[in-house]
Amino acid sequence: MESGRFITPTQGKETSRLPGMTTTTDVPASGVSLSERLRQDLAGLRESGLLISPRVLDAPQRARTRVDGREVVNLASNNYLGFADHPRLKERAAQYLQQWGVGAGAVRTIAGTLRIHEDFERQLADFKHTGSALVLHSGFSTNQGVLGGLLREGDLVVSDELNHASIIDGLRLTKATKKIYKHADPADLDRVLRENPSEGLKLVVTDGVFSMDGDVAPLDKLVEVARRYGAVTYVDDAHGSGVMGEAGRGTVHHFGFEYADDVIQVGTLSKAWGGVGGYAAGHPDLRELLINRARPYLFSTAQPPAVVGALAAALDEVQRDPSLMERLWDNTRFFKAELGRLGFDTLGSVTPITPVVFGEASAAFEASRRLFDLGIFAVGLGFPTVPRDLARIRNIVTAEHTRDDLEQALSAYQQVGRDLGVIA
Ligand SMILES: *Cc1c(COP(=O)(O)O)cnc(C)c1O
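Residues numbered from 1 in each chain as written. Predicted model: local features only at pLDDT ≥ 70, side-chain atom pairs only at ≥ 80, totals over all residues. Heavy atoms only, no water.

Taking an unreviewed UniProt entry as the reference, the protein is identified by name as Aminotransferase, class II belonging to Deinococcus radiodurans. Its UniProt record gives the protein the following Subunit (unreviewed entry) comment, quoted word for word: "Homodimer." (UniProt positions renumbered as here; feature names shortened; annotations may be inferred.)

Here it is, written out as structure tokens:
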């Protein structure tokens, strides 16, 4: 082979300028400099109070942990079943790591499909009672891959107005006609489908559990409306997997649609399941099409073995130990009822996601700071994430919380709520 055709490290040094490359001395400077762009944008965020600076955990993700150096009761995670630091999951992750190595080494379609990937997908499809399941890198990339891979020009997609950012971004990747229906409103969905006839594939897209209010999509009614128009229902069950339905099989299972070929379930393996990843499950041919069309699947390296091990153990564990789901829901009912008794508005949430309304964003952020000082870690959310007058603190109750943890949180809430005049 002619060595001259390849760029070697020494060649790189000799030719620091490739043909066609210019340096700043060749052309007059114009446009915006990077430092100017960064300075302006950060100042804008700071002025509007939207600049994020995340708190840092100094210990593993648990119901009680250490955050920014302080011991806290943690109501901020999505660690519904306590799997993020679960001994059996860690054990299986370590085992897969030893046996299969650190990385998959390639994208799934080239050389990155290990036997453990295939086995886990089979296990997941069996667990969810669907014809097939495909695993991607995250819930976020799953929405990109499935919506982008399935829909094309001439199709119609109708989306709940409160759907997750990853759905909105996924829909940006398609040339399908996009319409919005009112939040969790089957009558409005009916109207939109009636007013927008389409000869293509019709897809109704909804979260299973909505992440800001903790309400559940009325799937029984939505699927019924969708079917009347020959539309497929696409449920993003990120906050429903491991939470809703028997053994956490999800919101679709909760409503009894798990065997239906006209219902697509996507979701995350990053929340209740404790690792990271996403999945699409449903029609027997869905998996094969997505292998060929879902761009994150085609162009991004497969999940590492340790993650696959942890996830496989998570599905075993939730079926082996029914007390996990019982504790999750006992804690959920207890915490919501007690907040209600104290006089807080939890927006009618029916899932472990428990918003507590403080009104203005500034009040919610102040409440979050005060709670933190009292040893409670829960994050404030304001406009534009939620409506302007419904700024809140979002709490997520987990199976790992003890009664003591929740009582400590409730007494902190009572104090902060009174001090800020939100409750009597
Ligand atoms: C969290 C979430 C996602 C993203 O899942 P990741 O695995 O964290 O990327 C997607 N959709 C919904 C509805 C979510 O709540």
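Here the narrative resumes.
Visitor: I would appreciate a short explanation of the overall build of the protein in the present structure.
Guide: Looking only at helices and strands, the protein has 16 helices and 13 strands in total. Whereas a compact globule of 424 residues would reach a radius of gyration of roughly 22 Å, the protein reaches 24 Å, a difference of no more than 12%. Viewed in the frame of its principal axes, the protein has a C-alpha envelope of about 80 × 55 × 55 Å. In the protein, 70% of the contacts between residues at least 6 apart in sequence involve partners at least 24 apart. Looking at the protein as shown, the accessible area adds up to about 20600 Å², and 53% of this sits on carbon and sulfur atoms. Charged side chains of the protein number 47 positive and 54 negative; the gap between the two group centres comes to 3 Å. (Helix = DSSP H or I, 4+ residues; strand = E, 2+ residues; numbered from the N terminus. Rg over C-alpha atoms; globule rule 2.2 N^0.38 Å. Contact = heavy atoms within 4.5 Å. Areas by Shrake-Rupley, 256 points an atom, 1.4 Å probe, with all protein chains shown as cover. Lys, Arg positive; Asp, Glu negative; His and termini not counted. Charge placed at Lys NZ, Arg CZ, Asp CG, Glu CD.)

Visitor: Help me out: how do you make sense of the site of the ligand in this one?
Guide: Residues in close proximity to the ligand total 13 residues, the closest being Gly139, Asp236, Thr268, Ser270 and Lys271. Asp236 has a polar side-chain atom sitting 2.6 Å from a nitrogen atom of the ligand. Contact distances for the ligand include 2.6 Å between an oxygen atom and a side-chain N or O atom of Lys271. In the shell around the ligand, the residues fall into two nonpolar, eight polar and three charged. (Near = heavy atom within 4 Å. Polar contact = N/O pair within 3.5 Å; in protein donor to acceptor, adjacent residues only side chain to side chain. Nonpolar A, V, L, I, M, F, W, Y, C, P; charged D, E, K, R; others polar.)

Visitor: Can you help me understand the sheet that holds strand β6 (residues 202-207) in this one?
Guide: Whenever strands of a sheet pair, they do so through backbone hydrogen bonds, lying parallel or antiparallel. Here we have seven strands laid out as an open sheet, ordered β3-β9-β8-β7-β6-β4-β5, and mixed in their pairing. Only two strands of the sheet have a single neighbouring strand rather than two, namely β3 (132-136) and β5 (177-181). Mean inter-strand twist for the sheet, computed between neighbouring axes without regard to direction, equals 20 degrees. Of the pairings in the sheet, the one linking strand β4 (residues 156-160) to β6 comprises four bridges and is parallel in character. Pairing of Ser159 across the sheet is with Val205, part of β6. Helix α5 (residues 115-128) rests against β3, β8 (263-268) and β9 (278-282) of the sheet, and its axis sits at about 125 degrees to β3. (Pairing = 2+ DSSP bridges. Axes fitted to C-alpha atoms, helices over the stretch in contact; angles between N-to-C directions.)

Visitor: Explanation requested: the domain arrangement of the protein in the structure shown.
Guide: Splitting the protein by domain gives domain 1 (64-84 + 322-419) and domain 2 (86-320). The straight-line distance from the C-alpha centre of domain 1 to that of domain 2 is 27 Å. Domain 1 puts 25 residues into the contact, and the matching count from domain 2 is 24 residues. Note on domain 1 versus domain 2: buried area summed over both sides is about 1800 Å², and carbon and sulfur give 65% of it. Broken down residue by residue, the surface that domain 1 buries against domain 2 is led by Tyr80, Phe83 and Met325, which jointly contribute 32%. One can count one salt bridge joining domain 1 with domain 2. Here Arg392 ties to Asp213 by a salt bridge, and the two come within 2.5 Å at their closest N and O atoms. Among the secondary structure elements, those contributing two or more residues to the side of domain 1 that touches domain 2 are α14 (323-342), β10 (353-359) and β13 (391-396). Considering each element in turn, the side of domain 1 that touches domain 2 owes the most residues, four residues, to α14. The class makeup of the residues in the side of domain 1 that touches domain 2 is 17 nonpolar, six polar and two charged. (Domains from an automatic or database assignment. Buried area = accessible area lost by both parts, 1.4 Å probe. Salt bridge = Lys/Arg side-chain N within 4 Å of Asp/Glu carboxyl O.)

Visitor: Is there a simple way to explain the UniProt feature "domain: Aminotransferase class I/classII large" (unreviewed entry) in the protein in this structure?
Guide: UniProt records the feature "domain: Aminotransferase class I/classII large" (unreviewed entry) for residues 71-411 in the present numbering. End-to-end, the C-alpha atoms of residues 71-411 are 16 Å apart, and along that stretch the chain is 43% helix and 17% strand.

Visitor: How should the packing of aromatic side chains be read in this particular structure?
Guide: Two measures describe an aromatic ring pair: the distance that separates the ring centres and the angle between the ring planes. Following the criterion strictly, the structure yields five aromatic pairs and no others. Ring centres of Phe344 and Phe358 lie 6.2 Å apart, and the angle between their planes is 50 degrees; on these two criteria the pair is classed as tilted. Taken as a pair, Phe344 in the loop between α14 and β10 and Phe358 in strand β10 lie far apart in primary sequence, 14 residues in all. By the burial criterion, Phe344 is buried, and Phe358 matches it. On the basis of an interplanar angle of 75 degrees and a centroid distance of 5.6 Å, the ring pair of Phe344 and Tyr413 is categorised as edge-to-face. (Phe/Tyr/Trp six-rings, centres within 6.5 Å; stacked < 30°, edge-to-face > 60°. Buried < 20%, exposed > 50% of the residue type's maximum accessible area, 1.4 Å probe, protein only.)

Visitor: Can you help me understand the packing of helix α6 (residues 139-150) against helix α7 (residues 165-172) in this one?
Guide: Packed helix pairs are specified by the crossing angle of their axes together with the interaxial distance, meaning the distance between the axes. Where α6 contacts α7, the two axes come as close as 8 Å, and the packing angle between them is 30 degrees. In terms of orientation, α6 and α7 fall into the roughly parallel class. Both α6 and α7 take part in a crossing whose hand is right-handed. Seen from α6, the contacting residues are Gly139, Phe140, Asn143, Gln144, Leu147 and Gly148; seen from α7, they are Ser166, Ile167, Asp169, Gly170 and Leu171. Among the residues forming the contact of α6 with α7, the class breakdown is four nonpolar, six polar and one charged. (Parallel < 35°, antiparallel > 145°, perpendicular 65-115°, else oblique. Left-handed = near helix turned anticlockwise from the far one by under 90°.)

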